[in-house]
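One letter stands for each residue in the lines below.
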Amino acid sequence: MDLLRITGDTPLTGTVTAGGSKNAALPIMAASILATEPVLIERVPEVVDVTTLSAVLAQLGVEVKRQDDGALRIETVDSSPTRADYELVRRMRASFCVLGPLLARRRRAVVSLPGGCNLGDRPVDLHLAGLAALGAKLRIDRGYVIAEADELRGADISLLGPHGATVTGTANVMSAATLARGTTIIRGAAREPEIVDLADFLNTLGARIVGAGEATIEIVGVEHLNGGTHRVIPDRIEAATLLIAGAITGGNVHVKNARLEHLGGVLDVLDRAGAELSVSANSVSILMQNRPRPIQVTTCPYPGVPTDVQPQLTALATIAEGRSEIVEGVFPDRFMHVPELKRLGARIERAGHAAVVDGLRRLVGAELMASDLRGGAALVLAALAAEGVSLVRRIYHVDRGHEQIERKLARLGAQIERCRDQQPAKVGSS
Ligand code: UD1
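Every value quoted in this text rests on a predicted model; they were computed, and no experiment measured them. (Residues numbered from 1 in each chain as written. Predicted model: local features only at pLDDT ≥ 70, side-chain atom pairs only at ≥ 80, totals over all residues. Heavy atoms only, no water.)

### Considering the site of the ligand
Phase 1 of the analysis: Looking at the ligand, there are 20 residues lining it, with Asp-125, Thr-166, Thr-168, Asp-308 and Val-330 nearest.
Phase 2 of the analysis: Within the side chain of Thr-168, an N or O atom sits 2.6 Å from an oxygen atom of the ligand.
Phase 3 of the analysis: Side-chain polar atom of Asp-308 to an oxygen atom of the ligand: 2.6 Å apart, as the coordinates give it.
Phase 4 of the analysis: When isolated, the ligand has an accessible area of 740 Å², and the protein chains bury 90% of it.
Phase 5 of the analysis: Those elements that place two or more of their residues in the shell around the ligand are α5 (125–133) and α6 (167–177).
Phase 6 of the analysis: Here the element with the most residues in the shell around the ligand is α5; it accounts for 3 residues.
Phase 7 of the analysis: Here the residues of the shell around the ligand are counted per class, giving 9 nonpolar, 6 polar and 5 charged.
Phase 8 of the analysis: Taken domain by domain, the shell around the ligand gets at least three of its residues from each of domain 1 (2–19 + 234–420) and domain 2 (22–231). (Near = heavy atom within 4 Å. Polar contact = N/O pair within 3.5 Å; in protein donor to acceptor, adjacent residues only side chain to side chain. Areas by Shrake-Rupley, 256 points an atom, 1.4 Å probe, with all protein chains shown as cover. Helix = DSSP H or I, 4+ residues; strand = E, 2+ residues; numbered from the N terminus. Nonpolar A, V, L, I, M, F, W, Y, C, P; charged D, E, K, R; others polar. Domains from an automatic or database assignment.)

Okay, here's the thing in structure tokens:
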């Protein structure tokens, strides 16, 4: 296992480029199962989650190759397999996005339930209800969802759950509906840019989807989907993380490949925290001259502040001039980073689904352990701000979604290096 060794307290300065969106690329790769011809997907980030999904697709007879120009070429070479095993699906929940495309294209799908994860209980009931509404027969057997349908039929479906819309649920149902007979209406659809990107991709292949990005999406089913080329949108979560790296170190960072229209909620928070922002359509610069002002944040579905930036904003609040309140509106238990931030000296109290953070002038370096992707990124950011040396262990969580995080941060002047973790795994740790 690798760890990151970070010597903090250096303002980051310079220019850095965000990569392609992981959360857009994964459902697009899964939806490639629907195509009758090869597809080319450009700007797919080289992150571990993409490798994991490539392995799931290989198991399903779908070949994924990275070309010399960096694009992924995806082609179905054997359309008989229908089973995605627990061993792969448990590693990454987004593997569940193969369910809808498999069912629509191969009429049968056997996909492991993903199980819980470090963000808490994460049900898939809405995915299943949506596919059932399209006419699929579903049952659960020994931890696997078995879905069958000789033909999917368009339907009027609501996908709204107790915490708002479901992103990958919308992806699953929208993808399946492209090949259903007749028209499907999805109400309470997720409005995230990644859903718009998936719809753009599917429409490039010949699908007829309108309304992606709004709460109601209409899909007119077609006979088949062709091949095509698509370029994935920039990663708004990575861009936000790099901007917060600038803010938390009192630096001056220019992030290229950051789309202003996708970052509104986060930029509002950074503005209120006292950052000087300058924006163009495709890049954002941040200059932080003073300690951040305290922030009040409630995460919610797009276009609000994304839950995937909550841990990083919590890290920022640890050095703010006063009391911040961070309310988690999507995954109520997403606070595993809090005890680790406290190891740096941070003063944070949990209050139900919120964290109350009393900012300090200084954090002090410590040994830390990442427990999930975004929480791990938050620890890296806090370590960049802390005095002295920190070790962030289990950095593989961060590698799931960040392409070369240490190289990008080092280019901004961070003192950061990747090392082998010599410490044996402790008995009883998971
Ligand atoms: C996606 C993102 C993840 C992000 C999350 C919320 C990908 C690959 N992952 O995850 O990074 O944190 O959106 O923006 O894009 N829910 C139900 N029933 C369901 C499905 C979801 O109740 O069937 C609930 C969840 O428990 C959660 C909320 O709906 O409270 C939103 O979850 P959802 O949008 O489905 O998250 P993912 O799509 O898994």
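Here the narrative resumes.
### So, the sheet that holds strand β15 (residues 252–256)
Phase 1 of the analysis: Ordered in space as β2-β15-β17-β16, the 4 strands form an open sheet in which the pairing is mixed. Edge positions in the sheet fall to β2 (13–17) and β16 (276–280), since each has one partner strand and no second. The mean inter-strand angle of the sheet, taken between neighbouring strand axes irrespective of direction, is 10°.
Phase 2 of the analysis: The pairing of β16 with strand β17 (residues 283–287) spans 5 bridges and is antiparallel. The partner of Leu-277 across the bridge, within β17, is Ile-286.
Phase 3 of the analysis: On top of the sheet, helix α8 (residues 236–248) reaches β2, β15 and β17; it is set at about 170° to β15, its chief contact.
Phase 4 of the analysis: Docked against the sheet, helix α9 (residues 260–272) engages β16 and β17, running at close to 170° with respect to β16. (Pairing = 2+ DSSP bridges. Axes fitted to C-alpha atoms, helices over the stretch in contact; angles between N-to-C directions. Contact = heavy atoms within 4.5 Å.)

### A few points about empty space enclosed by the protein
Phase 1 of the analysis: As enumerated under the stated definition, the model contains 3 cavities of 30 Å³ or more in all.
Phase 2 of the analysis: The space that makes up the largest cavity amounts to roughly 40 Å³.
Phase 3 of the analysis: Glu-238, Thr-241, Leu-242, Ala-245, Leu-381, His-402, Ile-405 and Leu-409 together form the lining of the largest cavity.
Phase 4 of the analysis: Tallying contributions element by element places α8 first for the lining of the largest cavity, with 4 residues.
Phase 5 of the analysis: Across the lining of the largest cavity, the residue classes tally to 5 nonpolar, 2 polar and 1 charged. (1 Å grid on protein atoms, 1.4 Å probe; cavity = no way out; pocket = protein on both sides within 12 Å on 5 of 7 lines; lining within 4 Å. Points joined across faces, edges and corners; volume = space filled by probe spheres on them.)

### Structural notes on the packing of aromatic side chains
Phase 1 of the analysis: Inspection of every chain in the model, using the stated rule, returns 0 aromatic pairs.
Phase 2 of the analysis: In this arrangement the basic side chain of Arg-83 is found over the ring face of Tyr-144, its NZ or CZ atom lying 4.1 Å from the centre. (Phe/Tyr/Trp six-rings, centres within 6.5 Å; stacked < 30°, edge-to-face > 60°. Lys NZ or Arg CZ within 6 Å of the ring centre and 35° of its normal.)

### A few points about the pattern of salt bridges
Note on pairing: side chains with opposite charge can pair once their charged atoms come close.
Phase 1 of the analysis: Scanning all chains against the criterion turns up 24 salt bridges.
Phase 2 of the analysis: The partner of Arg-187 in a salt bridge is Asp-156, with the nearest N and O atoms 2.8 Å apart. Pair noted here: Arg-187 is in strand β11 (residues 183–187) and Asp-156 is in strand β10 (residues 156–158), with a separation of 31 residues, a long-range link.
Phase 3 of the analysis: For the salt bridge of Asp-358 with Arg-323, the shortest nitrogen-to-oxygen distance reads 2.9 Å. Of this pair, Asp-358 sits in strand β21 (residues 354–358) while Arg-323 sits in strand β19 (residues 323–327), placing them 35 residues apart in sequence. (Salt bridge = Lys/Arg side-chain N within 4 Å of Asp/Glu carboxyl O.)

### Focus on the nonpolar core
One broad trend across soluble globular proteins is that nonpolar side chains are buried collectively.
Phase 1 of the analysis: In terms of nonpolar packing, the biggest core is built from 73 residues, with Val-98, Met-174 and Leu-202 touching the most fellow members.
Phase 2 of the analysis: With 7 residues, the single largest contributor to this core is helix α1 (residues 22–31).
Phase 3 of the analysis: Not counting chain neighbours up to four residues away, the residues in contact with Leu-202 comprise Ala-31, Leu-34, Met-174, Ser-175, Thr-178, Ala-207, Ile-209 and Leu-225.
Phase 4 of the analysis: Counting 66 residues, the second-largest nonpolar core is a separate cluster that includes Val-269, Val-309, Leu-360 and Ala-366. (Core = buried A, V, L, I, M, F, W, Y, C linked by side-chain atoms within 4.5 Å. Buried < 20%, exposed > 50% of the residue type's maximum accessible area, 1.4 Å probe, protein only.)

### So, the layout of surface pockets
Phase 1 of the analysis: One number sums up the size of the second largest pocket: a volume of about 380 Å³.
Phase 2 of the analysis: What lines the second largest pocket is a set of 15 residues, and nearest its centre among them are Arg-107, Glu-151, Leu-179, Val-222 and Glu-223.
Phase 3 of the analysis: In the lining of the second largest pocket, the residues fall into 7 nonpolar, 2 polar and 6 charged.

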